Amino acid sequence: MKKLSVLFALGLFAVAPAVFSQKNIDPKEIRDKMQWFADAKLGIFIHAGIYAVNGVDESWSFYNKKISYADYMKQLNGFTLKKYDPAFWAGLIQQSGARYAVITTKHHDGVAMYDTRMNALSIVKKTPAKRDMIKPLFEELRKRNVKCGAYYSLIDWSDHNYPAFLKDSSRYVISKDYDRWNRFRNFFQGQIKEIATMFNPDLWWFDGDWEHSAEEWESQKVRTIILSANSKAIINGRLQGYGDYETPEQNFPVTRPDYHWWELCMTSNDNWGFHNDNNWKTPYEIITIFVDAVANGGNLLLDIGPKEDGTIPDEQVNLLKELGAWNSKHGEAIFNTVGGLPQGHFYGPSTLSKDSTTLYLFLHGKMNGQVMIKGLKNKVEEVTVLGSETKLPSKVVGKISWSPVPGLVYIDVPASVADKYVTVLKVKLDKPLDLYKGSGGLK
């Protein structure tokens, strides 16, 4: 059981030891630089782009022929950022409790959100905004000790040297025109170099790697370019096996992803960018999804989609503020913790302090009455309601003196202590977590 406690403390419980999807990266070699990410738990994703002008699907709308490419690009004329306030954005992100933020530097449409020197397609040169979005936001985030991430699409459907264009058409076949492909590789790798130089991201969030192989992207070279500029930079798992962590999208994984570090990226309605979409997730839904991710040893990267004028929809402002209020009350159970109990020991999410002597139980909704922990060999020293310090009684039921099988721990939770979203119980243990894994009786 000592070995089990160590696994929990390292945050490695239930991680498959053999084949990782980031097959070219040795987890032992990146563990130190990944620590801040493991502790961070919450990031804010920002999909800013010209697609917000008409509220259409970001890049995909022309690729899937919902709108012509020409009409899509006309949105350049309406992208103003006239109310863009990077300090407000950064303050809101900090208020949410997020430890990092990731913003689009270029989506699949090829429009750079900064003053790229590699071509003329940027909001600085081609829109009324005539300004770089990235630098002022990174400056404001760093004033607040929030890590800065750069989303970058490897795909560029606007570049004439990129093979793909529309869903049912392409410009050329790489094997028949490798010189053209090399021109594109020089272009996108040049943009990566200038982003590294201009903004020095703490984290790189690649997208679009599915269209080509690691050899075609030169993924290992891309990783070298990034780490040569900043050896501590973290790279997401969309670089054909050369990333540092996994990035499941939208749908919460039923079981924990088979890698040491992972992050669930999820929209706050049904779209990444600003869209005519009012199917907003509620604060309760966001908080419960967040809690489940953290309890499974992961992070949540929650997306917002600003409007073309630089304002953030009121619904998203409210979501971030409500999430922040909950985090300010319950942050001890979230930040700098590790994933909690394996399935079967408690019917709900849980986390552990890094020394595994404190267990945090999350009760979704207006739950009250008795909750139960199974297979806990530890003695419970104290149970309190996080945020109110109300002490709750606990008792052990079914412990037989001659058997090594522990009894069931019941904790009585009155309705009066319930949080409006998710209540958190803090369970102090007598020593590092020790769980029973036997089959009953004398075993």
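For the structure given in this document, a descriptive report is provided here.

Criteria and cut-off values
Residues numbered from 1 in each chain as written. Predicted model: local features only at pLDDT ≥ 70, side-chain atom pairs only at ≥ 80, totals over all residues. Heavy atoms only, no water. Core = buried A, V, L, I, M, F, W, Y, C linked by side-chain atoms within 4.5 Å. Buried < 20%, exposed > 50% of the residue type's maximum accessible area, 1.4 Å probe, protein only. Helix = DSSP H or I, 4+ residues; strand = E, 2+ residues; numbered from the N terminus. Contact = heavy atoms within 4.5 Å. Pairing = 2+ DSSP bridges. Axes fitted to C-alpha atoms, helices over the stretch in contact; angles between N-to-C directions. Parallel < 35°, antiparallel > 145°, perpendicular 65-115°, else oblique. Left-handed = near helix turned anticlockwise from the far one by under 90°. Nonpolar A, V, L, I, M, F, W, Y, C, P; charged D, E, K, R; others polar. Phe/Tyr/Trp six-rings, centres within 6.5 Å; stacked < 30°, edge-to-face > 60°. Lys NZ or Arg CZ within 6 Å of the ring centre and 35° of its normal. Disulfide = S-S within 2.5 Å. Expected span 1.5 Å × (residues − 1). Lys, Arg positive; Asp, Glu negative; His and termini not counted. Salt bridge = Lys/Arg side-chain N within 4 Å of Asp/Glu carboxyl O. Polar contact = N/O pair within 3.5 Å; in protein donor to acceptor, adjacent residues only side chain to side chain. Arc of directions from axis to C-beta.

A look at the nonpolar core
Grouped together as the largest cluster of nonpolar side chains are 114 residues, with contacts concentrated most on Met133, Phe206 and Trp326. Here this core gets 8 residues from one element, more than from any other, and that element is helix α9 (residues 178–199). Excluding its chain neighbours within four sequence positions, the residues that come into contact with Phe206 are Tyr152, Leu154, Ile192, Val222, Ile226, Ile235, Asn236, Arg238 and Leu239. Grouped together as the second largest cluster of nonpolar side chains are 23 residues, Val385, Val409, Val413 and Leu435 included.

Looking at the pairing of strand β8 (residues 263–266)
Covered by surrounding structure in β8 are Glu263 and Cys265 together with Leu264 and Met266, the residues of both alternating faces. In terms of strand pairing, β8 meets strand β9 (residues 299–304) through 4 bridges, oriented parallel. Counterpart to Leu264 in the pairing with β9 is Leu300.

Digging into the packing of helix α6 (residues 86–96) against helix α8 (residues 134–143)
Between α6 and α8, the shortest axis-to-axis distance is 8 Å and the interhelical angle comes to 45 degrees. Compared by their axis directions, α6 and α8 come out oblique. Classified by chirality, the crossing of α8 by α6 is right-handed. Side by side, α6 and α8 meet where Pro86, Ala87, Trp89, Ala90 and Ile93 of the first sit next to Pro136, Leu137, Glu140 and Leu141 of the second. Broken down by class, the residue content of the contact of α6 with α8 amounts to 8 nonpolar, no polar and 1 charged.

Points about the packing of aromatic side chains
Given two aromatic rings, their pairing is described by the distance between the two centres and the angle made by the two planes. Scanning the entire structure with this criterion turns up 30 aromatic pairs. Between Phe138 and Phe199 the ring centres are 6.1 Å apart and the planes differ by 75 degrees, which places this aromatic pair in the edge-to-face class. Here Phe138 is found in helix α8, whereas its partner Phe199 is found in helix α9, with 61 residues between them in sequence. Judged by centre distance (5.6 Å) and plane angle (35 degrees), the rings of Phe184 and Phe188 are tilted. A residue pair is termed a helical-turn pair when its members lie 3 or 4 positions apart in one helix, as Phe184 and Phe188 do in helix α9 at 4 residues. One aromatic cluster is present, built from ring pairs that chain together Trp60, Phe62, Tyr63, Tyr69, Tyr72, Trp157, Phe165 and Trp210. Note that Arg99 overlies the ring of Phe335, its terminal NZ or CZ placed 3.6 Å from the centroid. Lying over the aromatic face of Trp36, Lys147 brings its terminal NZ or CZ to 5.3 Å of the ring centre.

Comments concerning the state of the cysteines
On inspection of all chains with the given rule, the structure shows 0 disulfides. Left without a disulfide partner, Cys148 is nearest to the cysteine sulfur of Cys265, which lies 19 Å away. The exposure class of Cys148 is buried, given its relative accessible area of 1%.

Some points on helix α13 (residues 314–330)
Over its 17 residues, α13 extends 24 Å from the first C-alpha to the last, a length consistent with the 24 Å expected when each residue adds 1.5 Å. Residues of α13 that are buried sit in contact with β1 (42–46), α6, α12 (283–295), β9, β12 (358–364) and β18 (422–429).

Some words on the side chain of Asp309
Inspection of the secondary structure puts Asp309 in the loop between β9 and α13. It is Lys83 that comes nearest to the buried, bridge-free Asp309 among opposite-charge side chains, at 4.4 Å. A distance of 2.7 Å separates a polar atom in the side chain of Asp309 from a polar atom in the side chain of Thr311. If we skip the residues at most four places from it in the chain, Asp309 touches Thr80, Leu81, Lys82, Lys83 and Tyr84.

So, the sheet that holds strand β13 (residues 369–373)
The sheet built from 3 strands is open, its strands ordered β13-β17-β16 with antiparallel pairing. Looking at the sheet topology across the chains shown, the edges are occupied by β13 and β16 (394–397). The mean angle between the axes of side-by-side strands here comes to 30 degrees, regardless of whether they run parallel or antiparallel.

Digging into α6
Restricting attention to buried positions, one finds in α6 the residues Pro86, Trp89, Ala90, Leu92, Ile93 and Ser96. Burial along α6 is one-sided: seen end-on, the buried residues are contained in an arc of 160 degrees. Residues of α6 that are buried make contact with β1, β2 (100–106), α8 and α13. Looking one or two residues past α6, Gly97 carries a phi angle of roughly 100 degrees, positive in sign.

All quantities given are derived from atomic positions and should not be read as evidence of function.
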